[in-house]
Amino acid sequence: MSALSAIRSVVDYESEVDKITQFLEKFTDGGGKKQAMEVEDDEGGIEMMAELTLGEPQQKYKEVLQQVANRAEDTVEIALDDVRRFEVENSGGHPPFAFNSSLAFRIENNAKAYVELFSKAIDKMMPEPDASAMEDPEADVLDVIFQARRDRDRRDREALMGGGKGAAAAEAGPDGAADAESFPAILTRRYTVKFIARAAQKAQAVREVGASQIGRLVTVRGIVTRVSEVRPAMVVAAYLCDACGSEVFQEVKTRQFMPLSQCQSARCVGNRSRGKLHKQTRGSRFVRFQEVKLQELTDQVPMGDIPRTLTVHCYESAVRKLNPGDVAHIGGVFLPQPYTGFRALRAGLLADTLLEAHHVRPLKKRYDELASELTDEMRVRLAQVEEEPDAYGRVSRAIAPEIFGHADVKKALLLQLVAAPTKRTRDGMAIRGDINVCLMGDPGVAKSQLLRFVAKVAPRGVYTTGRGSSGVGLTAAVMRDSATGEMVLEGGALVLADNGVCCIDEFDKMDEADRTAIHEVMEQQTISISKAGITTTLNARASILAAANPARSRYNPRLTPEENINLPAALLSRFDVLFLMLDRPSAQDDLQLARHVAWVHTHGRHPDDPASAGIDADLLRHFVASARARTPVLPRAVADYVVGAYVQLRQQYKAALAPARAAAARSAIGATTPRTLLAILRLAQAHARVRRADTVASLDVDEALRLMDAAHVTLDAQPAAAAAAAGLYGDRRQRTDAVSAVFAILTRSLATARAAAGPAGSASLPQLSYADVLGRVRDAGFSEADLSRCLKQYEDINILQTNVTRTRITFVSAPAAS
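Here's a quick rundown of the structure. (Residues numbered from 1 in each chain as written. Predicted model: local features only at pLDDT ≥ 70, side-chain atom pairs only at ≥ 80, totals over all residues. Heavy atoms only, no water.)

## Focus: the overall build of the chain
Part 1: Scanning the chain for helices and strands turns up 31 helices and 25 strands.
Part 2: Sorting the 818 residues of the chain into buried and exposed places 43% on the buried side.
Part 3: Partitioning the intrachain contacts of the chain with sequence separation of at least 6 by distance along the chain shows that 71% fall at a separation of at least 24.
Part 4: Summed over its atoms, the accessible surface of the chain is roughly 42200 Å², and 52% of this surface lies on carbon and sulfur atoms. (Helix = DSSP H or I, 4+ residues; strand = E, 2+ residues; numbered from the N terminus. Buried < 20%, exposed > 50% of the residue type's maximum accessible area, 1.4 Å probe, protein only. Contact = heavy atoms within 4.5 Å. Areas by Shrake-Rupley, 256 points an atom, 1.4 Å probe, with all protein chains shown as cover.)

Written out as structure tokens, the structure reads:
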């Protein structure tokens, strides 16, 4: 086999260090007017850059280096836009300056190597600190050790030169220090070099980063699913020789290394003693290390594929920047990682990949960060909205403007985003302030679109579906840490939505065992885990926004919401507001809805609403953040008002328990419980936050009662005919009306027909004989008029059909047997 030919690099790295030094010394940054400059980009096109007309020049990086020398900073961030602009300004007046021949281009394509080149340039021009490390009482241990060793080496050199010991003096290196005790460069550096990618560089999905970008500076966009603990990673190992007393340092560049065992200093080699080395933890250098798992977003995954995950390694200042559930842009160097141990034997030449993080930018900031980072322009826009007399209604109309109607639902969603302040009693018991909302009703009323909009607006919004989520996926799963091999917990959707909103679609499709995992979260806002020897309690301080469909194809107003939604009352009572969204035919409403949908499909945007004009998603986030910064208190007079309103609701609920209205009262959804009182207080405090008030007023309580009454009016859709039917037909049928009883007979007849037909009859649409059904209806004590009313009502909602001669009954959507 012939040897591979050696290729000489065309890049002169010594001259590159000189260019870097010139950039760090001469680059200035200052305020002034911005002017546009056209330069050539890497694809041969024209790239627009902003050139600053410097008013008061500031040597940006020299000031940063001075802060590093003073131990005030530990990171030197190099923006490639600064390198690019510096080259353009010093190109000798020959624009356009080609990007693919610039220093910024070489840094972007070989970022790992240029980190070392920048470090060498910084080492040469590092200024002296303002105060001596020996005089600083809080100085780092290594700084004190370095200063003491430098003083010792200086005294030894003076003694050697005075004594005329030429052999010992010759043993010393160029700087007078012995080679065995010379310090590695990475040991003396008290900083790390990080690169910030160009603003023109687009963020990529995980699956778009391939082998062609190995070693390059890339920016990846995704959601953080798991974050490990911050652990120390060794970069320099220090040893002490027991024979000559020399200190030997070993630089560690991989995850695994072979420790040194024998001393290789000149003294041990000359004396042929071969002293044994002992590792010294105090003299070694460790850096902070954290491993992050980044997963693709939902909109980045093609249909039918599973989301891909990328491992991100964070060092020093990049740690503790991300939390599970954060959506972020992570810029870093894309590197291969060889397998180790037995995995290396199986993998062969294959290698894993990782991203060494340099710059982290969360896309969705927390509410407190949004409130503290207001720009002047956003502050003016926010003040204009808050000063509006009807800011509550105007901002609520800005929620999902593409969706027509649902004014009260949108107001409830706004109050859910704002929420009420969480209270904690003296004995440590926490009273949740997050508001849980459930949207129930017919398909096609835009429940899912409302959920997706809320998940997009909320800083920590997680969207999931009931059918695609398990109990472990919602709470937490036990995983094995790839770095240490230990069992760790990986948070689910509710943990990822901590201090945010968790939107669960198809809530009724969840298994009962998985649905019980939400009970603790909705009231206590914690998740208790006892798995694989791990017993802990995780925080899940999230608001739940759920959407459920009826058990049958469409909502049956003659049944209770419990029977329609098929959810347990213990779970439904934990929702503060429950809205029933029905699709009822109305000529005026249908005309407005059709015009709205046609406008959206024609123009590709929602119609202009003067009430919500100028309120985009960004302004909505800042409005919510500004409202959440307030903590309104509850005065004694308003507290008495709430108590009176609650007692009145309880009396109305007691009156509803009369035997004549037992059929309408047996719905636990409309029941007034002590949780209703807490829901009123939460809604009232959230409304006071929206009003920018410091105290809760009676009008806030009235709005909370109005919203709950609006929801209960829709929930109380069971007509009075149910109660009338109960008194007409006696106790035997007091739990249902004639139409529902006849439909139950139809359901049982269908089940009997299916059992008689066997598997052969399941291929066609289920049919019943009208004469047979009429006979069973009459045997049950009902008339043919009751059967006709039942057929007509269920034909209107497309459950069944009858032929023209009324001899056959065909089920279009077969119901479940009751």
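Moving on from the coordinates now.
## Quick word on the sheet that holds strand 14 (residues 437–441)
Part 1: Spatially, the five strands line up as an open sheet ordered 15-18-21-14-22, and their pairing is parallel. Each having just a single partner strand, strand 15 (461–465) and strand 22 (577–581) make up the two edges of the open sheet. For this sheet, the mean angle separating the axes of adjacent strands, direction not counted, is 15 degrees.
Part 2: The sheet contact formed by strand 14 and strand 21 (residues 543–548) spans four bridges and is parallel. Counted as the bridge partner of C438 is A546 from strand 21.
Part 3: The strands that helix 14 (residues 407–418) touches are strand 14, strand 18 (501–505), strand 21 and strand 22; relative to strand 21, the one it contacts most, it runs at about 150 degrees. (Pairing = 2+ DSSP bridges. Axes fitted to C-alpha atoms, helices over the stretch in contact; angles between N-to-C directions.)

## A closer look at the pattern of salt bridges
Part 1: The full count for this structure, using the stated rule, is 26 salt bridges.
Part 2: Between D123 and R189 there is a salt bridge, and its shortest N-O distance comes to 2.8 Å. In this pair, D123 is assigned in helix 5 (residues 111–125) and R189 in the loop between helix 8 (185–188) and strand 4 (192–196), connecting sequence segments 66 residues apart.
Part 3: Note on R189: relative accessible area 7%, which makes it buried.
Part 4: The shortest N-O distance in the salt bridge between D786 and R789 comes to 2.4 Å. Here D786 and its partner R789 are both found in helix 31 (residues 784–796), three residues apart, which amounts to about one turn of the helix. (Salt bridge = Lys/Arg side-chain N within 4 Å of Asp/Glu carboxyl O.)

## Observations concerning the sheet that holds strand 23 (residues 767–769)
Part 1: As summarised here, the arrangement of the three strands in space is 23-25-24, forming an open sheet in which the pairing is antiparallel. Each having just a single partner strand, strand 23 and strand 24 (800–802) make up the two edges of the open sheet. The mean angle between the axes of side-by-side strands here comes to 20 degrees, regardless of whether they run parallel or antiparallel.
Part 2: When strand 24 meets strand 25 (residues 808–811), the two strands line up antiparallel, connected through three bridges. Counterpart to Q801 in the pairing with strand 25 is T810.
Part 3: Seen against the sheet, helix 30 (residues 770–779) touches strand 23 and strand 25 and runs at an angle of roughly 65 degrees to strand 23.
Part 4: Strands strand 24 and strand 25 of the sheet are contacted by helix 31, whose axis makes an angle of about 125 degrees with strand 24.

## As for the side chain of N549
Part 1: For N549, the location among the structural elements is in the loop between strand 21 and helix 20 (561–565).
Part 2: Given the relative accessible area of 14%, N549 is considered buried.
Part 3: A polar side-chain atom of N549 sits 3.0 Å from a polar atom in the side chain of K447.
Part 4: Of note is the side chain of N549, whose polar atom sits 3.2 Å from the side chain of E506. (Polar contact = N/O pair within 3.5 Å; in protein donor to acceptor, adjacent residues only side chain to side chain.)

## Overview of the state of the cysteines
Part 1: Under the defined criterion, the tally for this structure stands at zero disulfides.
Part 2: Its sulfur unpaired, C268 is 3.3 Å from the next cysteine sulfur, which belongs to C244.
Part 3: Unpaired in this structure, C503 has its nearest cysteine sulfur neighbour in C502, at a distance of 6.9 Å.
Part 4: Judged by its relative accessible area of 0%, C503 falls in the buried class. (Disulfide = S-S within 2.5 Å.)

That is the geometry; function is a separate question.
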